Amino acid sequence: MSPPVLSPDHGARGVDLGPEPLGEHRSTWDEFAARGRRVDGNADAAIDLARAIGSSAPRPGLGRTLDRWAMLASLAAADLTAARVAEGHLDALAILSEAGIESGRDLSILGAGPDSTWGVFAAEGPAVRLQAREPTTQHGWVLDGAKPWCSLAGRLSHALITAHTSPGRRRLFAVALQHPTVEIVHGTWVSRGLSAVESGPIALHDAPAVPVGEDQWYLERPGFGWGGAGVAACWYGGAIGLARSLWGALAAREPDQIAQMQLGAVDLALHGAREVLRAAAEAVDSGRADGDWGSVVAGRVRGVVAGAAEQIITRVGHVLGPAPLTQDEVHARRVADLTVYVRQHHAERDDAALGRAILAGGLPW
């Protein structure tokens, strides 16, 4: 006999970031949530979904950024594996668009086209370096070295990867992950959260690469902060999923005052996260989130949403206790997935980066 589901699942219900809880696009977000729910933690299903929605997803900064983030949040509320994979694929497509690159035309030498699946590998690690070598008369750009934190590198077709071109300077490159010069290093991913999204290192041995933008363009472009806020939309959706479990459990019984207090605190955290996402989307679409101020906007969004997600994981756990963590597959996976995913926020270090950005500008309050 299967263990009982102790926290009702509302995974097929979308997340609307509009001004009202039940907005005019509810049916659209419900559809994305239902598609995300069918992924059910399966990486291959998540890749198929990401490919299917890639061409129709709104690009950030073109007037529908909030819709883009609502789509990601709806996927995340249903299944964080679906959102994690879709976010990386959609971010890569947005970066290529921002660079004015059409994959099927400009990256055909890499075998890229409309059916390609993409990741973005830009993390750095201690004692790990990926070096780019400039073209010679015989060869184009090649990448040599190692890159950490490469999610699903063994299953995706292509990736955008940052590599060092000279001391203190990096450049973004497109790479075909299935090329024989790309080695997937297995056996390092032991995570219980997002367990199907293997995110280990890769080794590149003079791998052919096509540059995307000039040196430092990837880090300095307006869309860099926008992509980081899109990740926060996924965290928000995952937190919504946990909050719905709490609401369902309390609605089915007579909760005491402590449980009511925890639910109220969860609502406050979600409300604050939702409002910063809405304000950031408006700033992106109006052109007020470019340049240095874009870093401030993104830092605020990521900090507020990450704090809300961490708080909600704790509060829901305090109310529901160990039973759903040990007997409810959907709830236990959601807690583990969100715990790992939200650690893309670097906690106090990201707060320090926000503080530096605030000091570098004028008085902001």
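Look a little higher up for the structure.
Residues numbered from 1 in each chain as written. Predicted model: local features only at pLDDT ≥ 70, side-chain atom pairs only at ≥ 80, totals over all residues. Heavy atoms only, no water.

Attention now moves to the overall build of the protein chain. For the protein chain, the helix and strand inventory stands at 12 helices and eight strands. In terms of overall dimensions, the protein chain is globule-like: its C-alpha atoms have a radius of gyration of 21 Å, near the 21 Å expected for 365 residues. Overall, the protein chain is about 75 × 55 × 40 Å in size when its C-alpha atoms are taken along their principal axes. Buried positions account for 49% of the 365 residues belonging to the protein chain. Contacts in the protein chain between residues far apart in sequence, at least 24 positions, make up 74% of those at least 6 positions apart. Entry remark: accessible area of the protein chain is about 16,800 Å², with carbon and sulfur atoms responsible for 55%. Side-chain charges of the protein chain comprise 33 positive and 41 negative groups, with the mean position of each set lying 1 Å from the other. (Helix = DSSP H or I, 4+ residues; strand = E, 2+ residues; numbered from the N terminus. Rg over C-alpha atoms; globule rule 2.2 N^0.38 Å. Buried < 20%, exposed > 50% of the residue type's maximum accessible area, 1.4 Å probe, protein only. Contact = heavy atoms within 4.5 Å. Areas by Shrake-Rupley, 256 points an atom, 1.4 Å probe, with all protein chains shown as cover. Lys, Arg positive; Asp, Glu negative; His and termini not counted. Charge placed at Lys NZ, Arg CZ, Asp CG, Glu CD.)

Our focus in this paragraph is the environment of Arg 51. Its location among the elements puts Arg 51 in helix α2 (residues 43-54). As a C-alpha pair, Arg 51 and Ala 86 span 35 residues in sequence and 8.0 Å in three-dimensional space. With residues up to four places along the chain from it excluded, the contact list for Arg 51 reads His 89, Asp 115 and Thr 117.

Per the stated rule, a full pass over the model turns up 19 salt bridges. Across the pair Arg 155 and Asp 44 runs a salt bridge whose closest N-O atoms are separated by 3.2 Å. Residue Arg 155 is found in the loop between β3 (142-147) and β4 (158-166), and its partner Asp 44 is found in helix α2; the two are separated by 111 residues along the sequence. Three or more residues are tied together by salt bridges with common partners; here these are Arg 37, Asp 40, Asp 79, Glu 329 and Arg 333. (Salt bridge = Lys/Arg side-chain N within 4 Å of Asp/Glu carboxyl O.)

Let's shift gears to the environment of Gln 327. By the secondary structure assignment, Gln 327 is in helix α10 (residues 323-327). A C-alpha to C-alpha distance of 21 Å links Gln 327 and Ala 259, two positions 68 residues apart in sequence.

Here we take up empty space enclosed by the protein. According to the stated counting rule, one finds three cavities of 30 Å³ or more in the structure shown. Approximately 60 Å³ is the volume attributed to the largest cavity. Lining the largest cavity are Ala 76, Ala 78, Asp 79, Leu 80, Val 330, Arg 333, Arg 334 and Asp 337. Secondary-structure elements contributing two or more residues to the lining of the largest cavity are α3 (65-78) and α11 (329-341). Residue classes in the lining of the largest cavity are distributed as four nonpolar, no polar and four charged. Counted as a void, the second largest cavity has a volume near 40 Å³. Every residue along the wall of the second largest cavity is listed here: Trp 69, Gly 225, Trp 226, Ala 229, Ala 280, Val 284, Ala 289, Gly 294, Val 297 and Ala 298. Going through the elements one at a time, α7 (223-251), α8 (257-285) and α9 (291-320) are the ones with two or more residues in the lining of the second largest cavity. For the lining of the second largest cavity, a count of residues per class yields eight nonpolar, two polar and no charged. (1 Å grid on protein atoms, 1.4 Å probe; cavity = no way out; pocket = protein on both sides within 12 Å on 5 of 7 lines; lining within 4 Å. Points joined across faces, edges and corners; volume = space filled by probe spheres on them. Nonpolar A, V, L, I, M, F, W, Y, C, P; charged D, E, K, R; others polar.)

Note: strand β2 (residues 130-133) against β3, four bridges, orientation antiparallel. Across the sheet, residue Arg 133 finds its bridge partner in β3, namely Val 142. Pairing of β3 with strand β7 (residues 202-208) involves five bridges; the strand directions are antiparallel. Looking at β7, one finds that Val 142 is bridged to Pro 208. (Pairing = 2+ DSSP bridges.)

Summarising the element assignment, Lys 147 is placed in strand β3. Polar side-chain contacts of Lys 147 include one of 3.0 Å to the backbone oxygen of Ala 123. Among the polar contacts listed, one links the side chain of Lys 147 to the side chain of Thr 162, at a separation of 2.8 Å. Beyond its immediate chain neighbours, meaning those up to four positions away, Lys 147 contacts Phe 121, Ala 122, Ala 123, Glu 124, Val 128, Leu 130, Ile 161, Thr 162, Gly 200, Pro 201 and Ile 202. (Polar contact = N/O pair within 3.5 Å; in protein donor to acceptor, adjacent residues only side chain to side chain.)

Glancing now at unusual backbone geometry. Although it is not a glycine, Asp 40 adopts a positive phi angle of roughly 50 degrees. Within the secondary structure, Asp 40 is located in the loop between α1 (26-39) and α2. The class for Asp 40 is partly exposed, based on a relative accessible area of 42%. Although it is not a glycine, Leu 152 adopts a positive phi angle of roughly 60 degrees. Within the secondary structure, Leu 152 sits in the loop between β3 and β4. In this structure Leu 152 comes out as buried when scored by relative accessible area, which is 5%.

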